[in-house]
Amino acid sequence: MSHPPLAAEFTANRSRAHWHDKALWFVREKRDRMANSVPEWEQLREHASAIKMHTVSQLPLYLEQFERNALALGVHVHWAETAEDHNRIVLEILQRHSVKRIVKSKSMLTEECHLNPFLEKNGIEVVDTDLGERIVQLRNEPPSHIVLPAIHIRKEEVGECFHEHLGTEKGASDPAYLTEAARGHLRQKFCQADAGITGVNFAIAETGGIVVCTNEGNADLGVSLPKVHIACMGIEKLIPRVSDLAVFLRLLARSATGQPITTYSSHFHGPRPGCELHVVLVDDGRSGIIQSSEFRRSLSCIRCGACMNTCPVYRRSGGHSYESTVPGPIGSILAPLKDSEKHSSLPFACSLCGSCTDVCPVKIDLHHQLLAMRGLLGQRRLIATSKKLSMKFVAGIMKRTWLFNLLGKFARLSLRVLPRFAIYHRFNPWGRQRELPEAPAKSFRQMYADRKSTASNPGDKSK
Amino acid sequence: MSSASKNSAAREAILRRVRAALPQSTPLPELPASGPWQTFEDPTTRFREVLESVGGLMVRVPDVGAADAWLRDFEPWKKSATRLTVIPGLGDSTLDLNSIDDPHALEHVGFAVLKGHFGVAENAAVWVTDADVRHRVLYFIPQHMALAIPASQIVNNMHEAYGRIQVGGYPFSGFISGPSKTADIEQSLVIGAHGARSLVVFLIEEW
């Protein structure tokens, strides 16, 4: 399905859509307060962007350096060209150790590869340990946000879900009570697990180590008890130096949830004594994106989710309406890069307001890329005829000044004199779920012309 | 194909594709530890404020003995049946860490007193490494935790922090800022997700 009907489904429940919008805006405001408290914020963004651009321009070098240093630390390094290869590699490691149960912390990459269903099909119990991810896993649905996986779910619904699966009291919906229940339930899972799987926030070329950031401590607990730790990462997660971490750790949590840093920022350099650490480096289309000068910068993404929290479309349509592992502005670029036919509606779920670009901690030119992606979809003939025809129609009007002026006058007059039923009806989508603006007395062109003539008058004080 | 040769074939293929159309190289910015980064007139006060805002508690004491006295009067410590410390004179241990080979045996630790190396004023993070504990799970599994650092060891920001550590020298090292937390249910902050339910950071003046 495309984005508009799924978004319509979400907005049909007006109170939920409104609540969702407010919840995300709350996070956006926290982010603003944090960003404003750091005087060199803009400089950090510049640095982060430059580090990422540099890294991708030397990626083969840094990949080899990372591999060399990781091997020297006793890490097993695996390379996976595709999602299928990634899944096969993980399964082979688990089978070699006769693993029956694993605990997993948040990893967008393993979501992208659909690792969970694959492992389950092969008889392995997979438990997502991030609270939000556990909630959506028990509800048998995908996360709707990359940092806040269960942001679309009300606490009463979490209560019902936990009552069914964890035996909490019926009707209980207190977040502290529910979190406590999940803590007890997941502690058992942590202690029973034969292996732990994590994502990777940053991989450091100069040391061969990886960094994983969480607030709950689930990644850390999950890989500190069992003997096997598998860390899965896209090849774009590399950074050259340890000192680069300072820049990224200062930006990541502030941008994501408005915290000064995540509770745990764990640096792993080699396995525990007698244990194994595996790192799986995954391409799955990334090398293709590097070759595209237009979309290369999308690989700088550090998955903070700030662009989602600020996006007026995402906030009102919910993450599931994107039908993509990564939703929101950045997802609307990454998803069509992967499968332009399936995700062709996403770059249009955007008003090009540019708010995403303003908050992005690594300065990805998100709204420019979204516009460029529309062009690419046009070239590939993946734009709906209705959209193409209406664009042609509007372009025809805009090309003819007299017609544009005439229709402008007509529209202003109509808004003033027509009865409601003639304006708000099913043929006018602009009047759906909103009030049209009051018609101004003059057009912008008229106001501009008036202003110019007063400004050119030398006796005018406003000059 | 064996999995080793599959791996090297995949490696070659990925590197070849990445090399195929690399963009022009752009410079890597210099990041001197000295700045221009945010500094604070009184880093310790800033550390305390930020730590409290993330749910932790800073306790400044003249020496280890004073920290010990404070701890023995702290409810979570008094209520913990299984306790563990790695700092002589600060609390006591009800089990012998050196006799434990399997980290699963630490499942029921109620309170652990561990060593931190320094704190970061801008975000209340404390640097810890596995060189100071036999099992790194001790940073994550206890119900409650205290970290002790010398009071003089507070740096301003993360750049200064990374300027003074050898990250690659430990299988595990990291920053811990406050107790474990989650806001995954309706954005309501709950302290005590999977890790510590409370975190005390002792700043010890004479150590």
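Residues numbered from 1 in each chain as written. Chains lettered and ligands numbered in written order. Predicted model: local features only at pLDDT ≥ 70, side-chain atom pairs only at ≥ 80, totals over all residues.

Asks: I'm lost on the overall build of chain A in this one. Help?
Replies: Assigned secondary structure in chain A consists of 22 helices and 10 strands. Seen through its C-alpha atoms, chain A measures out along the principal axes to roughly 85 × 55 × 45 Å. The buried share of chain A, reckoned over its 463 residues, is 48%. For chain A, restricting intrachain contacts to residue pairs at least 6 apart in sequence, the fraction spanning at least 24 positions comes to 73%. (Helix = DSSP H or I, 4+ residues; strand = E, 2+ residues; numbered from the N terminus. Buried ≥ 20, exposed ≤ 12 C-beta atoms within 10 Å, placed from the backbone. Contact = placed C-beta atoms within 7 Å.)

Asks: I would appreciate a short explanation of helix α10 (residues 175–192) of chain A in the present structure.
Replies: Since the α-helix turns once every 3.6 residues, residues separated by three or four places project in the same direction. Between its first and last C-alpha atoms α10(A) spans 26 Å; for 18 residues at 1.5 Å apiece the expected length is 26 Å, and the two agree. The complete set of buried residues in α10(A) reads A:Pro175, A:Leu178, A:Thr179, A:Ala181, A:Ala182, A:Leu186 and A:Phe190. Turning to α10(A), the residues buried within the fold contact β2 (101–104), α8 (131–138), α9 (155–166) and α11 (218–224) of chain A together with β9 (181–182) and β10 (190–191) of chain B. (Expected span 1.5 Å × (residues − 1).)

Asks: I'm lost on the sheet that holds strand β6 (residues 144–150) of chain B in this one. Help?
Replies: Strand pairing in a sheet is mediated by backbone hydrogen bonds. Such pairs are either parallel or antiparallel. All names here are of chain B. Taken in spatial order, the five strands of this open sheet run β1-β11-β6-β3-β2, and their pairing is parallel. The sheet terminates laterally at β1 (57–63) and β2 (83–85), the two strands that pair on one side only. In this sheet, neighbouring strand axes are inclined to one another by 20 degrees on average, regardless of whether the strands run parallel or antiparallel. Here strand β3 (residues 111–115) runs beside β6; their pairing, made up of five bridges, is parallel. Counterpart to phenylalanine 111 in the pairing with β6 is histidine 144. Across the sheet, helix α2 (residues 43–53) touches β1 and β11 (198–206), and the angle it forms with β1 is around 140 degrees. The strands touched by helix α3 (residues 64–72) are β1, β6 and β11; relative to β1, the strand with the most contacts, the crossing angle is about 135 degrees. (Pairing = 2+ DSSP bridges. Axes fitted to C-alpha atoms, helices over the stretch in contact; angles between N-to-C directions.)

Asks: Help me out: how do you make sense of the domain arrangement of chain A in this one?
Replies: Where interface size is given, it is often the accessible area lost as the parts come together that is meant. Residue and element names in this part refer to chain A. You can read the domains of chain A as domain 1 (1–37 + 303–383), domain 2 (38–284) and domain 3 (386–455). Just the C-alpha atoms count here: the centres of domain 1 and domain 2 sit 23 Å apart. Each partner contributes residues to the interface: domain 1 has 25 residues there, and domain 2 has 23 residues. For the side of domain 1 that touches domain 2, the secondary-structure elements that each account for two or more residues are α2 (14–36) and α14 (306–310). The element best represented in the side of domain 1 that touches domain 2 is α2, accounting for nine residues. Classifying every residue of the side of domain 1 that touches domain 2 gives 13 nonpolar, seven polar and five charged. (Domains from an automatic or database assignment. Nonpolar A, V, L, I, M, F, W, Y, C, P; charged D, E, K, R; others polar.)

Asks: Please explain the sheet that holds strand β4 (residues 119–120) of chain B as it appears in this structure.
Replies: With mixed pairing, eight strands are arranged side by side in an open sheet as β8(A)-β5(A)-β6(A)-β9(A)-β8(B)-β5(B)-β4(B)-β7(B). Two strands in the sheet have a free side with no partner beyond their single neighbour: β8 (238–239) of chain A together with β7 (154–155) of chain B. Strand direction decides the pairing type here: β4(B) and strand β5 (residues 125–129) of chain B, joined by two bridges, are antiparallel. Within the sheet, the bridge partner assigned to B:Gly119 lies in β5(B) and is B:Val126.

Asks: Looking at this model, I keep getting lost on unusual backbone geometry. Mind explaining?
Replies: Note: most peptide bonds trans; most residues except glycine with negative phi. Positioned with a positive phi, A:Lys363 is a non-glycine residue whose angle comes to about 55 degrees. Looking at where A:Lys363 falls in the secondary structure, it is placed in the loop between α17 (355–359) and α18 (366–379). By the C-beta count within 10 Å, which is 19 here, A:Lys363 ends up partly exposed. For B:Ala124, which is not a glycine, the phi torsion comes out positive at approximately 60 degrees. Structurally, the position occupied by B:Ala124 is in the loop between β4 and β5.

Asks: Would you explain the packing of α9(A) against α10(A) in this entry?
Replies: To characterise two packed helices, one gives the angle between the axes of the helices and the distance between these axes. Residues and elements named next belong to chain A. Contact geometry for α9 and α10: axes closest at 10 Å, N-to-C directions at 35 degrees. The way α9 lies across α10 gives a crossing that is left-handed. Between α9 and α10, the contacting residues are Lys155, Val158, Gly159, Phe162 and Leu166 on the first element and Pro175, Leu178, Ala181 and His185 on the second. Class assignment for the residues of the contact of α9 with α10 results in six nonpolar, two polar and one charged. (Left-handed = near helix turned anticlockwise from the far one by under 90°.)

Asks: Help me understand the interface of chain A and chain B, please; the structure alone is not making it clear to me.
Replies: Across the boundary between the two partners, chain A contributes 75 residues, which contact 65 residues of chain B. Residue composition of the side of chain A that touches chain B, grouped by class: 38 nonpolar, 24 polar and 13 charged. Here five bridges tie strand β9 (residues 264–268) of chain A to strand β8 (residues 172–176) of chain B, and the two strands are oriented antiparallel to one another. Across the sheet, residue A:Tyr264 finds its bridge partner in β8(B), namely B:Ile176.

Asks: What am I meant to see in the packing of helix α16 (residues 328–338) of chain A against α18(A) here?
Replies: All names here are of chain A. At a minimum axis separation of 9 Å, α16 and α18 run at an interaxial angle of 35 degrees. At the point where α16 passes α18, the crossing takes the left-handed sense. Counted together, Pro329, Ile330, Ser332, Ile333 and Pro336 of α16 and Leu366, Gln369, Leu370, Met373 and Leu377 of α18 form the full contact between these two elements.

Asks: What is the right way to read the confidence of the model for chain B from this model?
Replies: Atom-level detail of predicted coordinates should not be read off regions where pLDDT is low. The pLDDT averaged across chain B works out to 96; a share of 100% of its residues lies at or above 70. Here the prediction assigns the complex a pTM of 0.94, and the interface score ipTM is 0.97. (pLDDT = per-residue confidence, 0-100.)

Asks: Would you mind going over the nonpolar core with me for this structure?
Replies: Across soluble globular proteins, you tend to see nonpolar side chains buried next to one another. Formed by 175 residues in total, the largest nonpolar core has its most connected members in A:Met233, A:Phe248, A:Val280, B:Leu147 and B:Val201. In terms of residue count, the dominant contributor to this core is helix α12 (residues 242–256) of chain A (10 residues). Split by domain, this core shows at least three residues from each of two domains, domain 1 (1–37 + 303–383) and domain 2 (38–284) of chain A. Each residue touching B:Val201, except ones within four places of it in the same chain, is listed here: B:Leu51, B:Gly56, B:Met58, B:Gly116, B:Gly119, B:Val126, B:Leu147 and B:Ile149. (Core = buried A, V, L, I, M, F, W, Y, C linked by C-beta atoms within 7 Å.)

Asks: Please explain the environment of A:Met233 as it appears in this structure.
Replies: Inspection of the secondary structure assignment puts A:Met233 in strand β7 (residues 228–234). Apart from the residues within four sequence positions on either side, A:Met233 is in contact with A:Leu109, A:Gly199, A:Val200, A:Ala203, A:Val279, A:Val280, A:Leu281 and A:Val282.

Asks: How should the environment of A:Val211 be read in this particular structure?
Replies: All names here are of chain A. Position of valine 211 among the secondary structure elements: in strand β6 (residues 209–214). Placed 54 residues apart in sequence, valine 211 and serine 265 show a C-alpha to C-alpha distance of 6.7 Å. Ignoring any residue separated from it by four or fewer positions in sequence, one finds valine 211 in contact with Asn201, Phe202, Leu245, Ser265, Ser266 and His267.

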